[in-house]
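Structure at a glance
Spelled out, the chains give:
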Amino acid sequence: MTSRPRRRFAARYAERSPTVFLILRRMRAPLIVLIAIFAISVLGLTLIPGRDAAGHPARMSFFDAFYFMSYTATTIGYGELPQPFTGAQRLWVMATIYLTVVGWAYAIGSLLTLLQDRTFRQAIALRRFTRTVNRLREPFLLLAGYGQTGQILGRALDALGRRMVVLDLSAERVDALDIDSYHADVPGLVGDAADPRTLHLAGLEHPRCEGVLALTDDDEVNLVVAMTAALIRPEVPVLARTLSPAIEHRMRAFGSPSVVNPFDRFGDHVRLALHAPAAYQLMSWLAGGPGAELPPPGRRPEPGRWVVCGHGRFGHKFVEDLRADHLEVTIVDLREPADIVGDASDPRVLARARPEEATGFVAGTDNDTTNLSLIAAARRHNPDLFIAARQNRPASAPLFAAVAADWVLVPAEVVAREMYAQLSSPLLWRFVQEMPARGNDWAEDLLDRLEAHCGSRLGDIWKLTLGDAETPALGPWLRSGDARLGDLLRRPQDRDRQLAAVPLLLLRGDEAMLGPADDTRLEAGDQVLLAGHRAARRALTDTATNHTVSEYVLYDRTVPSGWLWQRATRRMPHRN
């Protein structure tokens, strides 16, 4: 149903690179001058009489004149052919030599000017980019926006081996792709993501495009990207960031994009940290990806009143979440409806909020300098305040780290981590969504198991699908009806010891089991999400694919590893 509109869209906006036409347009006059000089020189040689070897008058043919001017104009110079020239001919040749020098100087100067022209360089870059995108033969993600969010997410996806194509308005950001340490080349295009033609050039309609990420700082542009992708490629998943609930509602009118509002997500994280700090710690660790350090358990705020400075979109959402937990809030802002109307950076205005009597303090303005000064002023009133702050610029990260705020909202990191969880593995995303409902005690137990097997640094997170395609050595065991998860997680070197891997989730159909126990019965078609060391992942792969290893791990039987001995002993009864 969607192939015809896509073909019409492609036919409408598939444009040839303007490089050739730009060269012809800018070099038209120099080429005409060169051609005219060449033609006049050839014509003059054919009209001026010469002499043959016998001294008789003779004229050069057009072929001989063209041949002579070809090697003369190119400075090769074979001599006077086919016969020595007369004085008149030599005089004409001297004139044509100077004319061709002037013509070549004009043409070469015009060419150098063209090579330095910004429009020409953009045309060359566009041609190179489109050629690279069209030659992609593996799935890739289209990143519209390569700011802080795009850079964080791009490095995380590159670590997973995912290919990307980047589109951004900033030439500096696109140029930075060449010096970033990516494992594979990342094509980048300087262009407006709000233009559907630019999205087409960036590979939206490429058959290998497996997803579109709208990551710009402009909510309207992200809306256009989500809308264009939904209309042109409705089967391709779309992930978009926005700070506006109205824009989020408009995005959801086009298909079913995954929309991430960092203010909403941060509010959800705050409520989770208030009620289940271990669950918040576990979620933060897993969202950090392989190699992430276990975050320390944060300080839990005491019940009491909160002071919120800045009642914009972030402050408004934060106040809603605090009041949803029946906490008292004092709002300080320049505009109504605030409990205290005024500039919170004014010591007299801040004193009216009585931070010395509060439990928590929120510096939530859109200016990092203001937020840092508010934190310092509030701590002078009450050193024990629980501090939450909003960081707007990446350059301010060292300053916020120095003030040691308890919670710091970095919108780019919130969006990048959530999208990473969705893109790295759908099972991980489902685990992160359903995990908070299991409670704080369950999260503490899982954290202890992960730390015991992985240490303080998170290992690999991977999915294992039980079936003949991915686990051919487990077929008979799964069909036996008594396949237990704990038996599968034994070490091939010593089956009495467990692999350094922890099952996070088992998906059977639409039913998800979080943190399945060792005695959980497995069936063909189950999907298991695990976290553990890379060596444990390789060992589990050996168990699932090598019959010799699976016989020992599952049944404690040692069988020949060679093909001949396996054929010879296949019909022999096994001895336990």
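Residues numbered from 1 in each chain as written. Predicted model: local features only at pLDDT ≥ 70, side-chain atom pairs only at ≥ 80, totals over all residues. Heavy atoms only, no water.

1. Description of the overall build of the chain
Note the following rule: Every helix listed is a DSSP run of H or I at least four residues long, and every strand listed is a run of E at least two residues long, numbered separately from the N terminus. For a compact globule the rule gives 2.2 Å times the number of residues to the power 0.38, and the radius of gyration it is set against comes from C-alpha atoms. Each accessible area value is a Shrake-Rupley result obtained with a 1.4 Å probe; residue values ignore everything except the protein chains displayed when judging cover. The charged-residue count follows a simple rule in which Lys and Arg add positive charge and Asp and Glu add negative charge, with His and chain termini not counted at all. Charge positions come from single atoms, namely NZ of Lys, CZ of Arg, CG of Asp or CD of Glu.
When its secondary structure is counted, the chain shows 25 helices and 18 strands. Against the globule reference of 25 Å for 576 residues, the chain gives a C-alpha radius of gyration of 36 Å, more extended than a compact globule. Overall, the chain is about 115 × 90 × 45 Å in size when its C-alpha atoms are taken along their principal axes. For the chain, the exposed surface amounts to about 30,100 Å²; the carbon and sulfur share of it is 54%. Here the chain carries 67 positive and 66 negative side-chain charges, and the mean point of each set is 8 Å from the other.

2. Notes on the pattern of salt bridges
Oppositely charged side chains can pair when the atoms bearing their charge come close. Note the following rule: Only one rule defines a salt bridge in this text: a Lys or Arg side-chain nitrogen within 4 Å of an Asp or Glu carboxyl oxygen. Burial classification: accessible surface area is computed with a 1.4 Å probe over protein chains only, and a residue below 20% of its type maximum counts as buried, one above 50% as exposed, and the rest as partly exposed.
With the rule as written, the count across this model stands at 28 salt bridges. Across the salt bridge formed by Arg162 and Glu210, the nearest N and O atoms sit 3.1 Å from each other. A residue pair is termed long-range when its members are at least 10 positions apart, and Arg162 in the loop between helix H7 (148-159) and strand E4 (163-168) and Glu210 in strand E6 (residues 209-214) qualify at 48 residues. For Glu210, a relative accessible area of 30% corresponds to the partly exposed category.

3. Brief notes about a nonpolar patch on the surface
What counts, and what does not: Nonpolar side chains (Val, Leu, Ile, Met, Phe, Trp, Tyr) are joined into patches within 5 Å and like charges within 9 Å, using only residues with over 30% relative accessible area and no salt bridge.
A cluster of nonpolar side chains, namely Val20, Phe21, Leu24, Leu31 and Ile35, defines an oily patch on the protein surface of about 490 Å² accessible area. Of all the elements, helix H2 (residues 19-26) adds the most residues to the nonpolar patch, at 3 residues. With respect to the helices and strands, Leu24 occurs in helix H2. The partly exposed category is assigned to Leu24, whose relative accessible area is 49%.

4. A short note on the sheet that holds strand E8 (residues 258-260)
Our working definition: A pair of strands is labelled paired if DSSP reports no fewer than 2 bridges between them. Axis definition: a line fitted to C-alpha atoms, limited for helices to the stretch in contact. Angles are taken between N-to-C directions and run from 0 to 180 degrees.
Read from one edge of the open sheet, 6 strands run E5-E4-E3-E6-E7-E8, paired in parallel fashion. Because the sheet does not close on itself, it has two edges, and the strands there are strand E5 (188-190) and E8. Between one strand axis and the next, the sheet turns by 15° as a mean value, whatever way the strands run.

5. Details of the side chain of Thr72
We apply this condition: Side-chain atoms alone can form a polar contact between residues adjacent in sequence; in general such a contact is a pair of N or O atoms within 3.5 Å, and within protein one must be able to donate a hydrogen while the other accepts it.
Assignment of secondary structure puts Thr72 in helix H4 (residues 62-73). Given a relative accessible area of 18%, Thr72 falls into the buried group. A polar contact is formed between the side chain of Thr72 and the backbone oxygen of Phe68, at a distance of 2.7 Å.

6. Topic: the sheet that holds strand E15 (residues 460-465)
Note the following rule: Residue contacts follow a heavy-atom distance rule, with two residues in contact if any of their heavy atoms lie within 4.5 Å.
Spatial strand order, E15-E18-E16-E17: 4 strands in an open sheet with antiparallel pairing. A single partner strand is all that each edge strand has here, and the edge strands are E15 and strand E17 (511-514). The sheet shows a mean angle of 20° between the axes of neighbouring strands, direction not considered. Helix H20 (residues 440-454) rests against strand E16 (501-508), E17 and strand E18 (527-532) of the sheet, and its axis sits at about 130° to E16.

7. Description of the pairing of strand E13 (residues 386-390)
For E13, a buried count of 5 out of 5 residues is recorded, marking the element as mostly surrounded by other parts of the structure. Side chains Phe386, Ala388 and Arg390 of E13 all project onto a buried face; the interleaved residues Ile387 and Ala389 project onto the opposite face, where all are buried too. With 4 bridges connecting them, strand E12 (residues 360-363) and E13 associate as parallel partners. From the neighbouring strand, Val362 faces E13, where its bridge partner is Ala388.

8. Points about the packing of aromatic side chains
Put simply, the rule reads: Ring pairs are drawn from Phe, Tyr and Trp, using the six-membered ring of Trp, whenever the two centres fall within 6.5 Å, and their geometry is named by plane angle: stacked under 30 degrees, edge-to-face over 60, tilted for the rest.
Tallied over the entire structure, the rule returns 14 aromatic pairs. Considering the side-chain rings of Phe68 and Tyr71, the 5.4 Å spacing of their centres and the 75° angle between planes classify their relative orientation as edge-to-face. Residue Phe68 and its partner Tyr71 are located together in helix H4, separated by 3 residues, close to a single helical turn. Its relative accessible area of 3% is what places Tyr71 among the buried residues.

9. Concerning the pairing of strand E7 (residues 238-241)
Counted only if it meets this: Crossover handedness is defined here as right-handed if the route from the first strand over the helix to the second strand goes clockwise, with the strands pointing away from the viewer.
Burial of the side chains of E7 extends over both faces: Val238 and Ala240 are buried on one face and Leu239 and Arg241 on the other. Note: E6 against E7, 3 bridges, orientation parallel. Of the residues in E7, the one forming a bridge with Leu213 is Leu239. A crossover links E6 with its parallel partner E7, the connecting element being helix H10 (residues 219-232), and its sense is right-handed.

10. Things to note about a positive patch on the surface
Taken together, the side chains of Arg127, Arg128, Arg131 and Arg135 define a basic patch exposed on the protein surface. Residue position: Arg135 is located in the loop between helix H6 (118-134) and strand E3 (140-144).

11. So, the packing of H2 against H6
Any two packed helices are characterised by the angle at which their axes cross and by the distance between the axes. Worth spelling out the cut-off: Every angle not falling under 35 degrees, over 145, or within 65 to 115 is termed oblique; those three ranges are roughly parallel, roughly antiparallel and roughly perpendicular. Helix crossings are classified by the rotation of the near helix relative to the far one: an anticlockwise turn of less than a right angle makes the crossing left-handed, while a clockwise turn makes it right-handed.
In the contact formed by H2 and H6, the axes pass within 9 Å of each other and the chain directions differ by 155°. Comparing their axes, H6 and H2 come out roughly antiparallel. You can see that H2 and H6 cross each other, and the crossing is left-handed. For the pair H2 and H6, the contacting residues are Thr19, Leu22 and Ile23 in the first and Thr119, Phe120, Ala123, Ile124 and Arg127 in the second.

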